[in-house]
Amino acid sequence: MRRVRVRVVDQHSVARNVCRLWIEAESPVSWTPGQFFHIRVGEGTEHVLRRPISLCEAADDRRFALVYRVIGAGTRWLADRRPGEPLDVLGPLGKGFPLHSGDRRALLVGGGVGVPPLVQLARELRRQGTAVISVVGFREAADVMLVEELAARGQVRVVTEDGSAGTRGRVTDALTNDVVDGADRFYACGPTPMLRALQERLGRRMPGYVSLEERMGCGIGVCMGCAHLCRTPDGGTAYRRVCTDGPVFPVEEVVFS
Ligand SMILES: Cc1cc2nc3c(=O)[nH]c(=O)nc-3n(C[C@H](O)[C@H](O)[C@H](O)COP(=O)(O)OP(=O)(O)OC[C@H]3O[C@@H](n4cnc5c(N)ncnc54)[C@H](O)[C@@H]3O)c2cc1C
Ligand code: FES
């Protein structure tokens, strides 16, 4: 278990009900894109479970940005934190996105608050010389976020369900041949229906990774609260822990019910 002492450096809104929180760890930590922090919320015992939030950007090995949607009591508490305040954090936890240095082009696909972990991934891919094209989908214009950050690392296509920004539709509608052809691999994070659709649409065309979201308890592999059904090499299935075996899995391993 990696407990890290961190302080809030900055916090502001980046889209409707979405905050970017910069934190600074007291000492350096190692990280990979796609890992997450497990954050204790509340002052007393009213919230027993920590909240998992992905690493969005790493300025170095001490300063990290987390981008999260305010949806319930825990994220509301987090949104009220101010610069200088301490946070009780475990992490970064889990297995992030593997990088393949020989790839010439990678396709990144994100939906809603699945977009944040793709930002640091895009940076790392560019750093190793892999061209990046990102397709990101949101409900409407007010929800669009992190497009500039992704555009600094490659091409970006924005899709909204109502057409108020980018093109109208869902991310899968934007996976036209000019976007998909030539990609060596895809990386995706977003709602389960989107990941299921990507498994069907892209899974046979190229290797890929999906980052799963499950409700979490301990975050460190003990409680099995985050178990997700996966395929095993012998042709069977078994439950795997999203917190420690994932959250990122090779797309062909995941069983979507
Ligand atoms: C590996 C991982 C990475 C994540 N990264 C991000 C991120 O970068 N940005 C972001 O906005 N959200 C992210 N989420 C979802 C985020 O954890 C939930 O939105 C958050 O926990 C909600 O807490 P709450 O107290 O505000 O909501 P409540 O609904 O009050 O939460 C009640 C309980 O349900 C859990 N819960 C609720 N929704 C989710 C959910 N979608 N996934 C998992 N647990 C949930 C909470 O952790 C809490 O234990 C991630 C989830 C996982 C599993
Ligand atoms: S959250 Fe406890 S095992 Fe994953």
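Residues numbered from 1 in each chain as written. Chains lettered and ligands numbered in written order. Predicted model: local features only at pLDDT ≥ 70, side-chain atom pairs only at ≥ 80, totals over all residues.

## Let's talk about the overall build of the protein
Working step 1: In terms of regular secondary structure, the protein is built from five helices and 16 strands.
Working step 2: For 257 residues, the compact-globule estimate of 2.2 N^0.38 gives 18 Å, and the C-alpha radius of gyration of the protein, at 18 Å, lies within 12% of that figure.
Working step 3: Once the C-alpha set of the protein is aligned to its principal axes, its extents read approximately 50 × 45 × 35 Å.
Working step 4: For the protein, restricting intrachain contacts to residue pairs at least 6 apart in sequence, the fraction spanning at least 24 positions comes to 61%. (Helix = DSSP H or I, 4+ residues; strand = E, 2+ residues; numbered from the N terminus. Rg over C-alpha atoms; globule rule 2.2 N^0.38 Å. Contact = placed C-beta atoms within 7 Å.)

## Here's the deal with the sheet that holds strand β10 (residues 155-160)
Working step 1: The strand order across the open sheet formed by seven strands is β11-β10-β9-β8-β12-β13-β16, and the pairing between neighbours is mixed. Two strands bound the open sheet, and with one partner strand each, they are β11 (167-168) and β16 (248-250).
Working step 2: The sheet contact formed by strand β8 (residues 105-111) and strand β12 (residues 185-189) spans five bridges and is parallel. Opposite Gly110, over in β12, you have Cys189 as the bridge partner. (Pairing = 2+ DSSP bridges.)

## Here's the deal with the pairing of strand β4 (residues 51-54)
Working step 1: Of the two faces of β4, the one holding Arg51 and Ile53 and the one holding Pro52 and Ser54 are both buried throughout.
Working step 2: Of the strand pairs in this sheet, strand β3 (residues 36-39) and β4 are connected by four bridges, and their pairing is antiparallel. Within β4, the residue paired with Phe36 across the bridge is Ser54. (Buried ≥ 20, exposed ≤ 12 C-beta atoms within 10 Å, placed from the backbone.)

## Here's the deal with the pairing of strand β13 (residues 208-211)
Working step 1: Burial along β13 is two-sided: the residues Gly208 and Val210 and Tyr209 and Ser211 are all buried.
Working step 2: In this fold, the crossover linking β12 to β13 by way of helix α5 (residues 192-202) has right-handed handedness.
Working step 3: Bridging between β13 and β16 involves three bridges; their strand directions are antiparallel. Counterpart to Val210 in the pairing with β16 is Phe249. (Right-handed = clockwise from strand over helix to strand, strands pointing away.)

## Describing helix α2 (residues 116-127)
Working step 1: When α2 is considered as a whole, its buried residues turn out to be Pro116, Pro117, Leu118, Val119, Gln120, Leu121, Ala122 and Leu125.
Working step 2: Gly129 sits one or two residues past α2 and shows a positive phi near 95 degrees.

## With respect to the sheet that holds strand β5 (residues 57-58)
Working step 1: Across the sheet, seven strands lie side by side as β4-β3-β7-β1-β2-β6-β5; this open sheet has antiparallel pairing. Two strands lie at the open edges of the sheet, namely β4 and β5, each paired on one side alone.

## Focus: α5
Working note: α-helix, 3.6 residues per turn, so residues spaced by three or four point in the same direction.
Working step 1: Where α5 is concerned, the buried positions are Met194, Leu195, Ala197, Leu198 and Leu202. Down the axis of α5, the sector holding all buried residues measures 160 degrees, keeping them to one side. Opposite the buried face of α5, at more than 90 degrees from it, the exposed residues are Pro193 and Glu200.
Working step 2: At its buried positions, α5 is contacted by β8, α4 (177-180), β12 and β13. (Arc of directions from axis to C-beta.)

## Notes on the site of ligand 1
Working step 1: Contacts to ligand 1 come from 21 residues, most closely from Ser54, Gly72, Gly74, Thr75 and Val113.
Working step 2: When residues of the shell around ligand 1 are traced back to their parent elements, those giving at least two are β4, β6 (63-69) and α1 (73-79).
Working step 3: Ranked by the residues each element gives to the shell around ligand 1, the list is headed by β4, at four residues.
Working step 4: A breakdown of the residues in the shell around ligand 1 according to their chemical character gives twelve nonpolar, four polar and five charged. (Near = placed C-beta within 6 Å. Nonpolar A, V, L, I, M, F, W, Y, C, P; charged D, E, K, R; others polar.)

## Describing the nonpolar core
Working step 1: Grouped together as the largest cluster of nonpolar side chains are 69 residues, with contacts concentrated most on Leu66, Leu108, Leu118 and Tyr187.
Working step 2: Non-local contacts of Leu66, meaning those with residues more than four positions away in its chain, are made with Leu21, Ile23, Phe37, Ile53, Leu55 and Cys56. (Core = buried A, V, L, I, M, F, W, Y, C linked by C-beta atoms within 7 Å.)

## A word on the domain arrangement of the protein
Working step 1: For the protein, the assigned domains read domain 1 (3-93), domain 2 (98-211) and domain 3 (212-257).
Working step 2: On a C-alpha basis, the centroid separation for the pair domain 2 and domain 3 is 22 Å.
Working step 3: Facing nine residues of domain 2, the contacting portion of domain 3 comprises nine residues.
Working step 4: Counting only elements with at least two residues in the side of domain 2 that touches domain 3, the list comes to α5 and β13.
Working step 5: When the residues that make up the side of domain 2 that touches domain 3 are grouped by side-chain class, the tally is three nonpolar, five polar and one charged. (Domains from an automatic or database assignment.)

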